[in-house]
Amino acid sequence: MDISVVVTFHNENLLAHWMLNMFARTRGHAERQGLRVEMICVLDSANEDTTRIVTNHDTLRATDTVIPVTNRDQAVSRNDGIRLAKGAYIAIVDGDDYYSEAWLMNAHGRAREMSDKAIVHPEYIVSFGTVHSVRRVIDQERDHYPLASCLKIHPWVSTAFAPTEIFRDIPYHTRNTQAGFGYEDWHWNLEVVSAGYRHVTARGTALYYRRKAVSMLTQDTHRGVTIRPTGFFRRPDKWAKWAEVSR
Amino acid sequence: MGAAAWQYRLQRIGLGVTRGLSSKARARWLTTFYGAYQVLLGRGEALTWGDTAGRQKISRLRGFYRVARLHGQRHILPGVWRYLEGDAVPMPATAARGIDPSLFPSWMIGDLKAIAEVEPALYPSPDFLACFHRWQAPVNSAPGEVYAALWGQLKTSHYDVIVMAPWLREGGADKGVLQYTDHYANTFERVLLITTRPETSPWVTRVAPSVEVLETGRVLSHLPPEDQIAVVLRLLLELSPALVHVVQSDIGWRVISGFGGAIRANGAKILVSSFAHELNGSGRKAGYAATYLPAAREHLNGVLTDNIPFAHQLIREFALRPETVWPVHFWVDETSRAMTTAPTDRADTKHVLWASRVCLQKRPDLLLGIATAMPDILFDVYGSPDNETATLYRKLQRLENVHAHGIYGNFDEIVRDKRFDAFLYTTDSDGLPNVLLEATMAGLPIVCPTHIGGIRDLVSQDTGYPVADAGCIGDYVTALREILANPEEARRRAENALAVCRTRHTKSAFLASMGAVMVSVGMTHDVPRLATNQDRRSIAS
């Protein structure tokens, strides 16, 4: 297996149906280029409608996996999916967003191009819903982005593609907003930087990101949570080196 | 000023560097700029035209623009806008008309058309695409750079105890900070004292050598408040102390109030010290406890006071669990000059001592009234005025029976060569002021209001001369006359007060109390409970 797509669902209902419909296009594109792709759908405390839609969806195959869990935690659920992955690479996606047709294919190519030393994100984030914006994602091979900014700003995104061993070596950390910790994607993206990996983008791809009035991000912001301690902040002397643009 | 220079200065403000601006210009631009800057760069949420919050934020931005226009620098606004841009800021309506082809490459249009097959609302029609604006990840390096600079000053990446205080300078609370840090230095291996105000801390030299001091105030003061919190919070999380103790540090309180849960979840115990309520200009309770305890209380392992009355008050007002509130009395040097300045039966002029910071809280207006009402008594006044009390101080200086000596180094120096008949203390709000302990150790009978803060912890009818109405000049005059008329009784009360100090305000009693606190909050430092067991029982009941 070349690529395991780990997708988490909660209460997406119809949006889960649309997402899986669209992802079939992305998977088909990759498979036409010779890549083998499996889907691992993690139903985290999903409601009945979402569970029914995902479990019975036409695009899922016998080789794909659907696992119900009751974590109520995106990070832990992703780790559950990662544990089951048989692919050499893992793509982390969300159950209510859309992705470019070329996302898996181009991300795979970019990861190989980077000798598997990078986390690949879509080149653009097209936000729709409560916000309409087009954002080009920072590619550390092309853009100089001062890592000092990461104290307050998360310049990357949860959608990530990387070799499976990176996800297993550096698992996502539980959110635990009750205890004041959230932003698990921000934390993970900094953890991988401090482990020596780069954040790059797959040209010609986008995440079509559904912005809701109340999202986990806005909840985190309003709850006053912060990201967990990370080695990234214990080595500020390395920030300049980690931010170097190699070409 | 040219446009380039204007923009340069604006950007420097944004980066936290305001050198070269007059204080007036700085204040004006900080007000307008930070309003926009914080909204744009300090939040992860998006601005939208539609909701009320978005309209308010954009209204603030327009205010910023108006200021720019007034200064005739409108032509550089696009550059400033780009500088501020970064969060999901909608372009002005006029700029959003039409489709920016560079926003939507052909493959993206193809994606959207395909997506519209399942979700038709996303069809890339001109009207739909015209809703979009370009966004880029903001760059806001200043707080991260400050964090990195502070981190670089540290000798290690982990501390057992972090004490946060505003500064270390001449003052009672500062002596308390020194006593806390001395205790921690003797108990734990790695202790860090973080000072958070931009002023200098001359008493840093008095900190135990093994305690590291990180002075953050100056660099933090260049950041907006929200960024200051981000920096301090990150330090507290990454340094993973076993104990955080906040003593009068505003940033410390704000971090604990907002993010105490994360600090606790990271393995730290949290203590705060609070000594009294302060009163604002309208007489309303203010200060750290009133401002921050409601939000911070759920995250605290303990609250330390320096007096029993305020401990009771905190429990009553904030529903704190009694076992988490600790009166830890500060200690005074037992070898100080006790009784050497005891009142005498001298027939010559009587001397009253007043020593404190000359600030409004300490009611120099009352001192002025008392001195005016007692022209036959000499008042020796120690302490320097601040901006708010300069005029009052000059009036004091003009009185023939007032000797205004200015700032003093320590109390012992005052009483070393002079004899005083009484110590007068005036105040609006206080804990248990250190200067009262020092006056007691010097053998002086004390006249002061006792229904304020924790003063009645020490001064009662048996140990001093309480004034019932803190604002009544006549009551102070009566009490002082009573001392002068009956020095034997004054001496008796002063000796009683001294006995209280020698029992309760000793180093051993302080260490015992701190040891009990450490055991209570789960720090593995077992010190037998000694002198304060009675206090504990009093609080528990």
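Our subject is the structure listed above.
Now for a description of the structure that goes with this document. (Residues numbered from 1 in each chain as written. Chains lettered and ligands numbered in written order. Predicted model: local features only at pLDDT ≥ 70, side-chain atom pairs only at ≥ 80, totals over all residues. Heavy atoms only, no water.)

The geometry of two aromatic rings is summed up by the distance between their centres and the angle between their planes. Applying the stated criterion to the full structure yields 28 aromatic pairs over all chains. For the ring pair Trp239 of chain A and Tyr147 of chain B, a centre distance of 6.1 Å and an interplane angle of 15 degrees mean the geometry is stacked. Taken together, the residues span two chains, with Trp239 of chain A in helix H9 (residues 239-242) and Tyr147 of chain B in helix H8 (residues 142-153). Comparing Trp239 of chain A with Tyr147 of chain B, the two get one shared label, buried. Pairing Tyr180 of chain B with Phe330 of chain B gives two aromatic rings, centres 5.3 Å apart and planes at 70 degrees, and the pair type is edge-to-face. Of this pair, Tyr180 of chain B sits in helix H9 (residues 172-187) while Phe330 of chain B is found in the loop between strand E10 (325-327) and strand E11 (351-355), placing the two residues 150 residues apart along the sequence. Accessibility assignment for this pair places Tyr180 of chain B and Phe330 of chain B in one class, buried. Linked through ring pairs, Phe232, Phe233, Trp239 and Trp242 of chain A together with Tyr147 and Trp151 of chain B together constitute an aromatic cluster. Over the ring of Trp167 of chain B we find Arg169 of chain B, and its NZ or CZ is 4.4 Å from the ring centre. Above the plane of the ring of Trp203 of chain B lies Arg206 of chain B, whose end atom (NZ or CZ) is 4.0 Å from the centre. (Phe/Tyr/Trp six-rings, centres within 6.5 Å; stacked < 30°, edge-to-face > 60°. Helix = DSSP H or I, 4+ residues; strand = E, 2+ residues; numbered from the N terminus. Buried < 20%, exposed > 50% of the residue type's maximum accessible area, 1.4 Å probe, protein only. Lys NZ or Arg CZ within 6 Å of the ring centre and 35° of its normal.)

Residues and elements named next belong to chain B. Looking at the secondary structure, you find Asp227 in helix H11 (residues 225-238). Using a relative accessible area of 3% as the deciding quantity, one classes Asp227 as buried. C-alpha separation for the pair Asp227 and Gly144, spaced 83 residues apart in sequence, amounts to 9.0 Å.

Residues and elements named next belong to chain B. Counting buried positions along E11 yields five of five residues, so the element is predominantly enclosed. Residues His351, Leu353 and Ala355 line one face of E11 and the alternating positions Val352 and Trp354 line the opposite face, and both faces are buried. Judged from the two bridges that link them, E11 and strand E14 (residues 422-424) form a sheet pairing that is parallel. Its bridge partner lying in E14, Leu353 is registered against Phe423. (Pairing = 2+ DSSP bridges.)

Attention now moves to the nonpolar core. One finds Leu104 and Phe161 of chain A together with Ile263 of chain B to be the most contacted residues of the largest nonpolar core, which totals 103 residues. Sequence-distant contacts of Leu104 of chain A, defined by excluding residues within four places in its chain, comprise Ile3, Val5, Phe23, Thr26, Arg27, Ala30, Val37, Ala91 and Phe161 of chain A. Counting 31 residues, the second-largest nonpolar core is a separate cluster that includes Tyr180, Val191, Met514 and Val521 of chain B. (Core = buried A, V, L, I, M, F, W, Y, C linked by side-chain atoms within 4.5 Å. Contact = heavy atoms within 4.5 Å.)

Moving on: the sheet that holds strand E5 (residues 243-247) of chain B. All names here are of chain B. Strands sit in the order E4-E3-E2-E5-E6-E9-E10 across an open sheet of seven strands; the sheet is parallel. Looking at strand neighbours, the two that pair on one side only are strand E4 (211-215) and E10, the edges of this open sheet. The average undirected angle you get between the axes of adjacent strands in this sheet is 20 degrees. Examined bridge by bridge, E5 and strand E6 (residues 269-273) share five bridges and lie parallel to one another. Considered in E6, the bridge of His245 is made with Leu271. Packed onto the sheet, helix H12 (residues 250-265) meets strand E2 (161-165), E5 and E6 and runs at close to 160 degrees relative to E6. (Axes fitted to C-alpha atoms, helices over the stretch in contact; angles between N-to-C directions.)

All names here are of chain B. Here helix H21 (residues 507-520) contains 14 residues, and its C-alpha end-to-end distance of 20 Å stays within 8% of the 20 Å for a straight helix at 1.5 Å per residue. In the core, the buried residues of H21 are packed alongside H9, E5, E6, strand E9 (302-305), E10 and helix H20 (487-504). In the segment just after H21, Gly522 is the residue with positive phi, at about 90 degrees. (Expected span 1.5 Å × (residues − 1).)

As a further point, take the sheet that holds E11 of chain B. Residue and element names in this part refer to chain B. Pairing within the open sheet is parallel, and its six strands lie in the order E13-E12-E11-E14-E15-E16. For this open sheet the edge positions go to strand E13 (402-406) and strand E16 (465-467), each flanked by a neighbour on one side alone. The mean angle between the axes of side-by-side strands here comes to 25 degrees, regardless of whether they run parallel or antiparallel. Packing of helix H15 (residues 364-373) onto the sheet brings it into contact with E11, strand E12 (378-382), E13 and E14, and relative to E12 it is tilted by some 160 degrees.

Bringing the environment of Asp365 of chain B into the picture now. All names here are of chain B. Turning to its location among the elements, Asp365 is positioned in helix H15. For Asp365, a relative accessible area of 32% corresponds to the partly exposed category. In sequence terms Asp365 and Tyr393 are 28 residues apart; their C-alpha atoms lie 8.9 Å from each other.

Let us now look at unusual backbone geometry. A positive phi angle, near 50 degrees, is found at Arg72 of chain A, a position not held by glycine. Inspection of the secondary structure puts Arg72 of chain A in the loop between strand E3 (65-69) and helix H3 (74-84). In the Ramachandran plot, Ser240 of chain B falls in the positive-phi region, its phi being about 35 degrees despite a non-glycine side chain. Within the secondary structure layout, Ser240 of chain B lies in the loop between H11 and E5.

Residue and element names in this part refer to chain A. In a regular helix each residue adds 1.5 Å, so 19 residues correspond to 27 Å; helix H1 (residues 14-32) covers 28 Å between its end C-alpha atoms and thus fits that length. Taken residue by residue, H1 has Ala16, Trp18, Met19, Leu20, Met22, Phe23, Thr26, Arg27, Gly28, His29 and Ala30 as its buried positions. Positive backbone phi, at 95 degrees, marks Gly34, one or two positions downstream of H1.

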